Amino acid sequence: MLEAYPHNRLARILLWGFSALAMAFLMLPTLVVVPISFSASDLLEFPPRAYSLRWYENFFGSATWMAGLRTSLILGTLTAIVAVPLALLACISVNRLGGKTASAIQGVLLAPSIVPGILLAIGLFFVLAAQGLVGTLFGVLVGHVVLAIPVACIVLLPALARFDWNQVQAARSLGADWARAIAGVIVPQLRISLLSATLMAFLTSLDESVISIFVASGRNSTLPKLMFLSLRDQIDPTIAAISTLWTAVVVVVVLIVTLRQKA
């Protein structure tokens, strides 16, 4: 973006300054929890008057928090495994169909990312309740997959738009069926986009709370739901420690996606 202003020093300085301010505006509210997580106080306190690792010890030493973390990691992994192949097949259909049909399919695929989360959660609750799936791991997985598919599609649609479909036609002319053509031609060439979509689907599940509040319960409660319940019932600085760890995970995943895209 900055290459557009090679001879205008003032414009480059202003653009860098604006970018820095935007990043600070977005990141500072999140980074405030980092020093709070090291506070020795029994309350959320900023800036901390004394520092301690007690809240990290409380998190890793709690069976409840660890159960929520385990559930979230399992759901994140399963969501990525299920959502990305479904999104890939759907994006291939959109790309090959074209026209109004493709636009309609694309609209349906992206709808969960547009509909308010609370409405989606309520609808999923009644659908899953009718099937007796509320409170089950499978029921929560369904909700997370619904949210992850649009994210994966947003990553994969541009990649498939640039793909050379003559290679698939050549493979088909040599006797390969669609499954073999997808596995042997499309997937290897879209591996970076597929990795990005997988990581983004994983993060979507890891960070999801609204659907989990409605659908998850008991031992299938996710970490974000437990965090919400903890803040509702009491002020526990353990939340700051979890948020710091969560932020670190997100930063690592985003860096991986960015570096892989540049490779």
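Just so it is clear, the structure is predicted and the values come from calculations on it, not from any experiment. Along each chain, residue indices are assigned from 1 in the same order as the chain's sequence is written. Under the rules for a predicted model, residues below a pLDDT of 70 receive no local features and side-chain atom pairs below 80 are neither given nor counted, while totals for whole chains, interfaces and linings still include all residues. Side-chain numbers here rest on the full set of heavy atoms in the structure, without hydrogens or water.

*Asks:* Now, about the overall build of the protein: what can you tell me, with residues and values included?
*Replies:* Within the protein, the secondary structure is distributed over 13 helices and zero strands. Secondary structure of the protein in N-to-C order comes out as α-α-α-α-α-α-α-α-α-α-α-α-α. Oriented by its inertia axes, the alpha-carbon framework of the protein measures out at about 70 × 65 × 30 Å. Across the 263 residues of the protein, 39% fall into the buried class. Helix and strand definitions follow DSSP, with helices as H or I runs of at least four residues and strands as E runs of at least two, each counted in order from the N terminus. Residue exposure (1.4 Å probe, protein chains only): buried if accessible area is under 20% of the type maximum, exposed if over 50%, otherwise partly exposed.

*Asks:* How would you sum up the UniProt feature "transmembrane region" (unreviewed entry) in the protein? Please name residues and give values.
*Replies:* In the numbering used here, UniProt assigns the feature "transmembrane region" (unreviewed entry) to residues 12-38, 73-95, 107-130, 136-160, 181-203 and 239-259. Overall, residues 107-130 shows 92% helix and 0% strand. The separation of its end C-alpha atoms is 27 Å. UniProt positions are given in the numbering used here, feature names are shortened, and annotations may be inferred rather than shown by experiment.

*Asks:* Outline the side chain of His144, listing residues and values.
*Replies:* Relative to the elements of secondary structure, His144 occurs in helix α7 (residues 137-161). The exposure class assigned to His144 is buried, which follows from its relative accessible area of 1%. Separated by 3.1 Å, the side chains of His144 and Ser212 make a polar contact. The contact criterion used throughout is that any non-hydrogen atoms of two residues lie within 4.5 Å. Residues contacting His144, with those up to four places away along its chain left out, are Leu75, Thr79, Ser205, Glu208, Ser212 and Thr222. In protein, a polar contact requires one atom able to donate a hydrogen and another able to accept it; more generally it is a pair of N or O atoms within 3.5 Å, and residues adjacent in sequence count only if both atoms are side-chain atoms.

*Asks:* For the side chain of Ser205, give the residues involved together with the corresponding values.
*Replies:* Positionally, Ser205 belongs in helix α10 (residues 191-207). Residues within four places of Ser205 in sequence aside, it is in contact with Leu75, Gly76, Thr79 and His144.

*Asks:* How would you sum up the packing of helix α4 (residues 63-97) against helix α5 (residues 99-114)? Please name residues and give values.
*Replies:* Relative orientation of the contacting elements α4 and α5 amounts to 155°, with a least axis distance of 8 Å. Judged on the interaxial angle alone, α5 and α4 are roughly antiparallel. Where α4 crosses over α5, the handedness of that crossing is left-handed. Between α4, through Ala90, Val94 and Leu97, and α5, the contact on the second element is made entirely by Gly99, Thr101, Ala102, Ile105, Gln106 and Leu109. Partitioning the contact of α4 with α5 into residue classes produces six nonpolar, three polar and no charged. Fitting a line to C-alpha atoms yields each axis, with helices limited to the stretch in contact; the angle taken between N-to-C directions then spans 0 to 180 degrees. Convention used here: angles under 35 degrees read as roughly parallel, angles over 145 as roughly antiparallel, angles from 65 to 115 as roughly perpendicular, and any remaining angle as oblique. Crossing handedness follows the turn of the near helix against the far one: under a right angle anticlockwise gives a left-handed crossing, and clockwise gives a right-handed one. Classification convention: Asp, Glu, Lys, Arg as charged; Ala, Val, Leu, Ile, Met, Phe, Trp, Tyr, Cys, Pro as nonpolar; all other residues, Gly among them, as polar.

*Asks:* Go over the packing of helix α8 (residues 166-173) against helix α9 (residues 178-189) with me, naming the residues and quoting the values.
*Replies:* Contact geometry of α8 with α9 gives a least axis separation of 10 Å together with a crossing angle of 145°. For α8 against α9, the interelement crossing comes out right-handed. In this structure, α8 contributes Gln167, Val168, Ala171 and Arg172 to the contact, and α9 contributes Trp178, Ala181, Val185, Ile186 and Gln189. Looking at side-chain class alone, the contact of α8 with α9 contains six nonpolar, two polar and one charged residues.

*Asks:* Give me the lowdown on the packing of aromatic side chains, citing residues and values where you can.
*Replies:* Only Phe, Tyr and Trp rings take part, Trp by its six-membered ring, and two of them pair if their centres are within 6.5 Å. Stacked means planes under 30 degrees apart, edge-to-face means over 60, and tilted covers everything else. Applying the stated rule across the entire model yields three aromatic pairs. With centroids separated by 5.5 Å and ring planes inclined at 80°, the aromatic side chains of Phe125 and Phe126 adopt a geometry described as edge-to-face. Judged by its relative accessible area of 28%, Phe125 is partly exposed. Grouped by ring-pair contacts, the aromatic residues Phe59, Phe60 and Trp65 constitute a single cluster.

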